[in-house]
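Analysis of the macromolecular model
Spelled out, the chains give:
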Amino acid sequence: MALMRVDCYSEVLGLNTSLTVILPQRASSQIGMAGSAPAGDPPVLYLLHGLTDDDTIWLRRTSIERYVAPLGLAVVMPQVGRSFYCDEEHGNRYWTFLSEELPALCHDFFRLSDAREDTFVAGLSMGGYGAVKWALRDPDRFAAAASLSGALNVANRRHDPTHPVDPRVWHTVFGERAVAGTDDDTVALLDRYGADGTDGPALYVACGTEDFLYDDNRQFVDTARRRGVPLTVEFSPGAHDWAYWDATIQDVLEWLPLRHRPAGGA
C-alpha cells in the first residue's frame, strides 16, 4: 500500500486541512503482507472519524492498511473537527466540504473510480452518523454505507448529553435550530430511501450491546425496518472502544460489495 498525508487548502473551509489516504499497490515480495491493485481505477472507501479524533486515527488505532491491502481498495480519511459532518451554525461548512469539495479534490489528486458501484463510506460514532447521513442524502454516489457505533439519533442525543462538553458541541453545530425532520436527522432521512424508485445504497449498522449508543442504534434499526429499508445489522457484545471498531471494520470490509474482490481478499 501507498500511504499519503495530504495537506491542502480548502476553498469551502477557507483554511488548510489534511487528509490521510491509502492507495492500493501490487506487492508480492513484501514480507508479511501482500498487496493488490485493480487494472483500472480503484474503488474508494471514505472512512470517517469520531468526535475526539482526526484523519490519522484509523491508522493509529487499527490495522486498516493491512486489512485493505489484499482488496485493491483506496481509503480516504478526512478530518472535520467536532462538526458532526455538518455545516455548523457557529463554525465552518464541513458538510459542504465533505459532500462536494472532498470528492472533487480526491479525484483531482488521485486515480480513483468515480462509479457509484465502486464508492463506499463508513465511520465510527460521529463518523457513523456522517456516513449514514451522506449515503442517505446522496444515494446516487454510494453503493454501500456502514456505521460502527454511530450516533444515529442526533435529534434526541442533543437533549440527552453524555459528556459535560456536549452542550457546547451541539450549540456550535446546530445553534438553537431543531434537528428533527431536517437533512441532519438520519432517522427522518430513512423516508428518502428508495423514494425515487431506485435501490438505495446497502446499509450496515453495527454496535456493541454495552455501548452507550446502543439504544440509539436499536431505535434507528427498528425505524428502518418499519419503513421497509433493508439493512445488515450486527449487534454483539462490545463497548464504545477501539477493540470493537478494529474487529468490526474487518467485518465491514468483508461485507462491502466490491465488484472485483481479489482471490484471498477479506
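Here's what I pulled together on the structure shown here. Note that this is a predicted model, so its numbers are computed, not measured.

1. Let's talk about the nonpolar core
- Counting residues in hydrophobic clusters, the biggest one holds 57 residues, and the most contacted among them are Tyr46, Phe84 and Val121.
- When neighbours within four sequence positions are excluded, Val121 is seen to be in contact with Leu45, Tyr46, Leu48, Ala131, Trp134, Ala135, Phe142, Ala144, Ala145 and Ala146.
- Within the second largest apolar cluster, 33 residues are counted, among which are Leu124, Ala143, Ala206 and Trp245.

2. Observations regarding the sheet that holds strand 4 (residues 74-78)
- Taken in spatial order, the eight strands of this open sheet run 1-2-4-3-5-6-7-8, and their pairing is mixed. In the strand order of this sheet, the two ends are held by strand 1 (2-10) and strand 8 (232-236), each with one partner. For this sheet, the mean angle separating the axes of adjacent strands, direction not counted, is 15°.
- Direction of pairing for strand 7 (residues 202-208) relative to strand 8: parallel, over a ladder of five bridges. In the sheet register, Tyr204 faces strand 8, and the bridge partner there is Thr232.
- Set on the sheet, helix 4 (residues 126-137) makes contact with strand 3 (44-48), strand 5 (119-124), strand 6 (144-148) and strand 7; between it and strand 5 the angle comes to about 150°.

3. Digging into the packing of helix 3 (residues 94-109) against helix 4
- Close contact between helix 3 and helix 4 brings their axes to 11 Å; oriented N to C, the two are set at 65°. The orientation of helix 3 with respect to helix 4, classified from their angle, is roughly perpendicular. As helix 3 runs across helix 4, the sense of the crossing is right-handed. Residue-level contacts link Trp95, Leu98, Ser99 and Pro103 of helix 3 to Lys133, Trp134 and Arg137 of helix 4.
- Here the residues of the contact of helix 3 with helix 4 sort into four nonpolar, one polar and two charged.

About the criteria used
- Residues numbered from 1 in each chain as written.
- Predicted model: local features only at pLDDT ≥ 70, side-chain atom pairs only at ≥ 80, totals over all residues.
- Heavy atoms only, no water.
- Core = buried A, V, L, I, M, F, W, Y, C linked by side-chain atoms within 4.5 Å.
- Buried < 20%, exposed > 50% of the residue type's maximum accessible area, 1.4 Å probe, protein only.
- Contact = heavy atoms within 4.5 Å.
- Pairing = 2+ DSSP bridges.
- Helix = DSSP H or I, 4+ residues; strand = E, 2+ residues; numbered from the N terminus.
- Axes fitted to C-alpha atoms, helices over the stretch in contact; angles between N-to-C directions.
- Parallel < 35°, antiparallel > 145°, perpendicular 65-115°, else oblique.
- Left-handed = near helix turned anticlockwise from the far one by under 90°.
- Nonpolar A, V, L, I, M, F, W, Y, C, P; charged D, E, K, R; others polar.

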